[in-house]
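# Residue-level structural notes
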Amino acid sequence: MPGHTDNEIVINAPLDLVWEMTNDLENWPDLFSEYASVEVLERDGDRVQFRLTMHPDENGQVWSWVSERTTDRSSLEVNARRVEPGPFEFMQIRWEYAEVPAGTRMRWVQDFAMKPTAPVDDDGMVNHINKNSRIQLQLIREKVEKRAAEQ
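Nothing here was measured: the structure is a model prediction, and the numbers come from that model.

The subject of this paragraph is the overall build of the protein chain. For the protein chain, the count of helices and strands is three helices and seven strands. The C-alpha radius of gyration of the protein chain comes to 15 Å, within 12% of the 15 Å expected for a compact globule of 151 residues. Taking the principal axes of its C-alpha atoms as reference, the protein chain extends roughly 45 × 30 × 30 Å. Here the protein chain, with 151 residues, has 44% of them falling under the buried criterion. The contacts in the protein chain between residues at least 6 apart in sequence include a share of 50% that link residues at least 24 apart.

This brings us to the side chain of asparagine 7. Along the chain, asparagine 7 falls in strand β1 (residues 3-11). Residues in contact with asparagine 7, not counting those within four places in the same chain, are Met106, Arg107, Trp108, Asn130, Ser133, Arg134 and Leu137.

This brings us to the environment of valine 83. Mapping valine 83 onto the fold places it in the loop between β5 (77-82) and β6 (88-100). On a C-alpha basis, the gap between valine 83 and glutamine 49 in space is 8.5 Å, while along the polypeptide they are 34 residues apart. Sequence-distant contacts of valine 83, defined by excluding residues within four places in its chain, comprise Gln49, Val66, Ser67 and Glu68.

This part takes up the packing of aromatic side chains. The tally for this structure, following the rule as stated, stands at 10 aromatic pairs. Their ring planes at 15° and their centres at 5.9 Å tell us that tryptophan 28 and tyrosine 35 sit as a pair that is stacked. Exposure remark for tryptophan 28: the relative accessible area of 4% places this residue in the buried category. You can call tyrosine 35 buried: its relative accessible area is 10%. Each ring, one from phenylalanine 88 and one from phenylalanine 112, has its centre 5.8 Å from the other, and the planes form 85°; the classification is edge-to-face. In this pair, phenylalanine 88 is assigned in strand β6 and phenylalanine 112 in strand β7 (residues 103-114), connecting sequence segments 24 residues apart.

This paragraph deals with the sheet that holds strand β3 (residues 47-54). Taken together, the seven strands give an open sheet; going across it, the order is β1-β7-β6-β5-β4-β3-β2, and neighbouring strands pair in antiparallel fashion. Of all strands in the sheet, those bounded by a partner on one side alone are β1 and β2 (35-44). Adjacent strand axes in the sheet meet at a mean angle of 20° when their direction is disregarded. The strands touched by helix α1 (residues 15-22) within the sheet are β1, β4 (64-72), β5, β6 and β7, with β6 carrying the most contacts at an inclination of about 155°. Packing of helix α3 (residues 122-150) onto the sheet brings it into contact with β1, β6 and β7, and relative to β1 it is tilted by some 15°.

Turning our attention to the pairing of β1. Burial along β1 is one-sided: the face carrying Gly3, Thr5, Asn7, Ile9 and Ile11 is buried and the face carrying His4, Asp6, Glu8 and Val10 is not. Here nine bridges tie β1 to β7, and the two strands are oriented antiparallel to one another. Its bridge partner being in β7, threonine 5 is matched across the sheet by glutamine 110.

Helix-helix packing: each pair is described by the crossing angle between the helix axes and the interaxial distance. Between α1 and α3, whose axes approach to 10 Å, the crossing angle comes to 125°. By the angle between their directions, the pair α1 and α3 is classed as oblique. Both α1 and α3 take part in a crossing whose hand is right-handed. When α1 is examined against α3, the residues Leu17, Val18, Glu20, Met21 and Thr22 are found in contact with a partner set consisting of Ile140, Lys143, Val144, Arg147 and Ala148. Taken together, the residues that form the contact of α1 with α3 break down as six nonpolar, one polar and three charged.

The rules behind each value
- Residues numbered from 1 in each chain as written.
- Predicted model: local features only at pLDDT ≥ 70, side-chain atom pairs only at ≥ 80, totals over all residues.
- Heavy atoms only, no water.
- Helix = DSSP H or I, 4+ residues; strand = E, 2+ residues; numbered from the N terminus.
- Rg over C-alpha atoms; globule rule 2.2 N^0.38 Å.
- Buried < 20%, exposed > 50% of the residue type's maximum accessible area, 1.4 Å probe, protein only.
- Contact = heavy atoms within 4.5 Å.
- Phe/Tyr/Trp six-rings, centres within 6.5 Å; stacked < 30°, edge-to-face > 60°.
- Pairing = 2+ DSSP bridges.
- Axes fitted to C-alpha atoms, helices over the stretch in contact; angles between N-to-C directions.
- Parallel < 35°, antiparallel > 145°, perpendicular 65-115°, else oblique.
- Left-handed = near helix turned anticlockwise from the far one by under 90°.
- Nonpolar A, V, L, I, M, F, W, Y, C, P; charged D, E, K, R; others polar.

These figures come from the coordinates and say nothing about function on their own.
Set out below in structure tokens:
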């Protein structure tokens, strides 16, 4: 059965700032703790194809893959997928943004399936993504709220 995760956070900052900072791919290594680099390969309007490279994991393995994401500012959504799925049969993520009384809610919904040869099964990856998403969302909230306070 494919994996599914759904994680969100409320950021005490204006939606425009949250959108701008979280969709500025070139600055993702400063926004996320897990990414060492981002290389934009192609831009075509609201669609961008890019290579993400992570910092080495606990075993020294460096993971890298090509993803594609399409932003839709009018619907406050971003849809992304891995072009080079690596250990995944497929990986899709939808980012949703909404103005709420306390600021901006940002939600990540991921659907995926692991290959049989992957080092972890679907349930194991669900656990990993949920744990890591909480860490990354908290870091993003802190950085965006800091920028909002400075403005």
